[in-house]
Amino acid sequence: MSLTNPTPTAALEWANELIDFIDASPSPWHAVANAEARLQTLGYIRLEENERWQLAAGGRYYAVRGGSSLIAFVLGSQPIAATGLRIVGAHTDSPGLRLKPQAASGSDGLARLAVEIYGGPILATFADRDLSLAGRVVVRTAAGQQTRLLRFERSLARLPNLAIHMNREVNEQGLKLNKQTELPLILGQLGVGCDAEAQLKKLLADAVAADAADLLSFELAVHDVQKGCLWGANQEFIASRQLDNLSSCHAALAAMIATKQPTATCVTALFDHEEVGSESAAGAGGSFIADVLARIASHARLDEEDRRRAMARSFFISADMAHAYHPNFPNAYEPGHKVRVNGGPVIKTNANQRYTTNAETAARFIGFCEQADVPHQQYAHRSDLGCGSTIGPIVAAQLGVASVDVGSPMWAMHSARESAGVHDQAHMIAALTAAFAS
Ligand code: CO
């Protein structure tokens, strides 16, 4: 690719759609609500886990657990025992900061918010950014307790850096923040007799049109309000918060939506809590996916024997972001596996099974890339650095299905503002679409 090559319009459209999806999804609850809205406009029917399911041949459905995990599926035209399932999984959560339940406190004329670190963010990247709050609150209403999504479009809180005059070594030592004492966010100035906790409650209650006295509880994530953008000499890169892993959520949904009347039953599973280990009711380590698949099998009237046959014929693609080579830090990478941004989907391999990929599943995914006419790349982590993991091994172990770990290349994983390639979103959608059609 040269600097003068125009980016194909279709790739630009996908990239801009991704930026809009992330902008509308500052928390995992918003990500699921937006995925749900998209699916509903396309005729997908919501199934409630606490009700009996009625599934029609060729039907399109989805279920939500915990408000932040969603599994959608399209029933295939062929019997499940004969085709197995095509499953793509990704995660809705991103590392960052979360508010503690009694977050606000006042001192020295300022209201501050106590935060807990969620997953493994690059903490320094949250300093001096235009931060805000998003998530869900539960309010008391005449009709009972009600959960409402909450977000502030405007910048609301901040983590100002310490001036270099008091932190002379910052450029040599890096920005080190004490997790307890140096992370609270500044929320505002306190007037005389003003109570920080009351101020926060009023702010939250006003945002969901409720009385502060009726605000019972909340889960709120801190995010950067700056919208994603394209950058680079030819606008070939994307910068945004939460590219890990809303890029893969968006790609999986786009591929699923493009899949009309598939032969095999296709499943898109978007899980919360990956960044904290997936061990939760709604996470990939919980029963959500097994429960949904069991209900699909029961509606297809599969006996135990056919259920086992179906799983043995199934294929699971764990889609999560991959580390692109950063030329300023050549020693951070395995020399034989320099992944390029805009170089196509990355197949991630780890012999210690931090990734599920094996020779056969890698080859199968390469086949999907070839069918879709997109390039692919291979990634292995340096042997002297700890390797990350994904939902892949957790789902693969639980379901006993053939699996592969893939992802789009990116820079600055877990930064408050990450980067990826415009072309790669289109590449991944095309590869996943081929997988659903297989
Ligand atoms: Co991830």
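If you're wondering where the values come from, they're calculated on a predicted model, not measured in any experiment.

Visitor: So what exactly am I meant to see when it comes to the overall build of the chain here?
Guide: Tallying secondary structure elements over the chain gives 11 helices and 20 strands in all. The C-alpha radius of gyration computed for the chain amounts to 22 Å, which stays within 12% of the reference 22 Å derived for 438 residues, consistent with globular compactness. Each principal axis of the C-alpha atoms in the chain carries an extent, and together these give about 70 × 60 × 40 Å. When burial is assessed residue by residue, the chain has 52% of its 438 residues classed as buried. In the chain, 77% of the contacts between residues at least 6 apart in sequence involve partners at least 24 apart.

Visitor: Any chance you could explain the coordination of the cobalt ion here in plain terms?
Guide: The reference angle at a metal is 109.5 degrees if four donors form a tetrahedron and 90 or 180 degrees if six donors form an octahedron. Protein coordination of the cobalt ion is provided by His91 (NE2), Asp244 (OD), Asp320 (OD) and Asp320 (OD), with donor distances spanning 2.0 to 2.7 Å. Around the cobalt ion, the four donor atoms sit at angles spanning 50 to 135°, and that spread fits a shape best called irregular. On the basis of relative accessible area, aspartate 244 is assigned to the buried category, the value being 2%. Among the residues examined, aspartate 320 registers a relative accessible area of 6% and is labelled buried.

Visitor: Would you mind showing me how to read the sheet that holds strand 15 (residues 322–323) here?
Guide: Remark on secondary structure: sheet strands pair via backbone hydrogen bonds, oriented parallel or antiparallel. Sheet architecture is open: five strands sit in the order 11-12-20-19-15, paired in mixed fashion. Of all the strands in the sheet, the pair left with one neighbour each is strand 11 (229–231) and strand 15. Direction of pairing for strand 15 relative to strand 19 (residues 409–411): parallel, over a ladder of two bridges. Counted as the bridge partner of histidine 323 is methionine 410 from strand 19. The strands touched by helix 1 (residues 9–23) are strand 11 and strand 12 (237–240); relative to strand 11, the strand with the most contacts, the crossing angle is about 135°. Against the sheet, helix 6 (residues 243–258) makes contact with strand 12, strand 19 and strand 20 (418–421), and its axis sits at roughly 35° relative to strand 20, the strand it touches most.

Visitor: Whenever I open this one, the domain arrangement of the chain confuses me. Can you help?
Guide: Here the chain is described as being made up of domain 1 (8–94 + 241–437) and domain 2 (96–224). One C-alpha centre belongs to domain 1, the other to domain 2; they are set 31 Å apart. Opposite the 22 residues of domain 1 that make contact, domain 2 presents 20 residues. Surface buried jointly by domain 1 and domain 2 totals about 1,600 Å² across both partners, of which 60% is contributed by carbon and sulfur atoms.

Visitor: Any chance you could explain the side chain of serine 314 here in plain terms?
Guide: By the secondary structure assignment, serine 314 is in the loop between helix 8 (304–312) and strand 14 (315–319). Among the polar contacts made by the side chain of serine 314, one reaches the main-chain amide nitrogen of leucine 85 at a distance of 2.7 Å. At 2.8 Å, the side chain of serine 314 and the backbone oxygen of alanine 310 are in polar contact.

Visitor: Can you help me understand the sheet that holds strand 17 (residues 377–379) in this one?
Guide: Strand order across the open sheet formed by nine strands is 1-2-3-13-4-14-18-16-17, with mixed pairing between neighbours. Both outer strands of the open sheet, strand 1 (45–47) and strand 17, are each paired with one neighbouring strand and no more. Neighbouring strand axes in the sheet, compared pairwise and without regard to direction, differ in orientation by 25° on average. Where strand 2 (residues 60–65) meets strand 3 (residues 69–74), six bridges bridge the pair, whose relative direction is antiparallel. Its bridge partner lying in strand 3, arginine 65 is registered against serine 69.

Visitor: Is there a simple way to think about the nonpolar core in this case?
Guide: Across soluble globular proteins, nonpolar side chains have a tendency to be buried as a group. One finds Leu39, Leu70, Ile238, Ile317, Phe365, Val406 and Leu432 to be the most contacted residues of the largest nonpolar core, which totals 55 residues. Element by element, the count of residues in this core is highest for helix 6, at 10 residues. Core analysis: the next-biggest nonpolar cluster, separate from the first, contains 33 residues, Leu113, Leu131, Leu133 and Leu220 among them.

Visitor: Got a minute to help me understand the environment of isoleucine 317 in this structure?
Guide: By the secondary structure assignment, isoleucine 317 is in strand 14. Residue isoleucine 317 is classed as buried on the basis of its relative accessible area, which comes to 1%. Taking C-alpha positions, isoleucine 317 is 9.9 Å from alanine 252, a pair spaced 65 residues apart along the chain. Excluding anything up to four places from it in sequence, isoleucine 317 contacts Ile87, Val88, Gly89, Phe365, Phe368, Val404, Val406, Leu432 and Ala435.

Visitor: I tried to follow the pairing of strand 12 on my own but got confused; where do I start?
Guide: Regular strands place side chains that alternate from one sheet face to the opposite one. By the alternation rule, side chains of strand 12 split into Phe237 and Ala239 and Ile238 and Ser240, which are all buried. Direction of pairing for strand 11 relative to strand 12: antiparallel, over a ladder of three bridges. Within the sheet, the bridge partner assigned to leucine 230 lies in strand 12 and is isoleucine 238. In this structure, strand 12 lies alongside strand 20, joined through four bridges in antiparallel fashion. Looking at the pairing, isoleucine 238 lines up with alanine 420 of strand 20.

What counts and what doesn't
- Residues numbered from 1 in each chain as written.
- Predicted model: local features only at pLDDT ≥ 70, side-chain atom pairs only at ≥ 80, totals over all residues.
- Heavy atoms only, no water.
- Helix = DSSP H or I, 4+ residues; strand = E, 2+ residues; numbered from the N terminus.
- Rg over C-alpha atoms; globule rule 2.2 N^0.38 Å.
- Buried < 20%, exposed > 50% of the residue type's maximum accessible area, 1.4 Å probe, protein only.
- Contact = heavy atoms within 4.5 Å.
- Donors = N, O, S within 2.8 Å, 3.2 Å for Na, K, Ca; no water.
- Tetrahedral: all angles 85-135°; square planar, octahedral: opposite > 155°, others 65-115°.
- Pairing = 2+ DSSP bridges.
- Axes fitted to C-alpha atoms, helices over the stretch in contact; angles between N-to-C directions.
- Domains from an automatic or database assignment.
- Buried area = accessible area lost by both parts, 1.4 Å probe.
- Polar contact = N/O pair within 3.5 Å; in protein donor to acceptor, adjacent residues only side chain to side chain.
- Core = buried A, V, L, I, M, F, W, Y, C linked by side-chain atoms within 4.5 Å.

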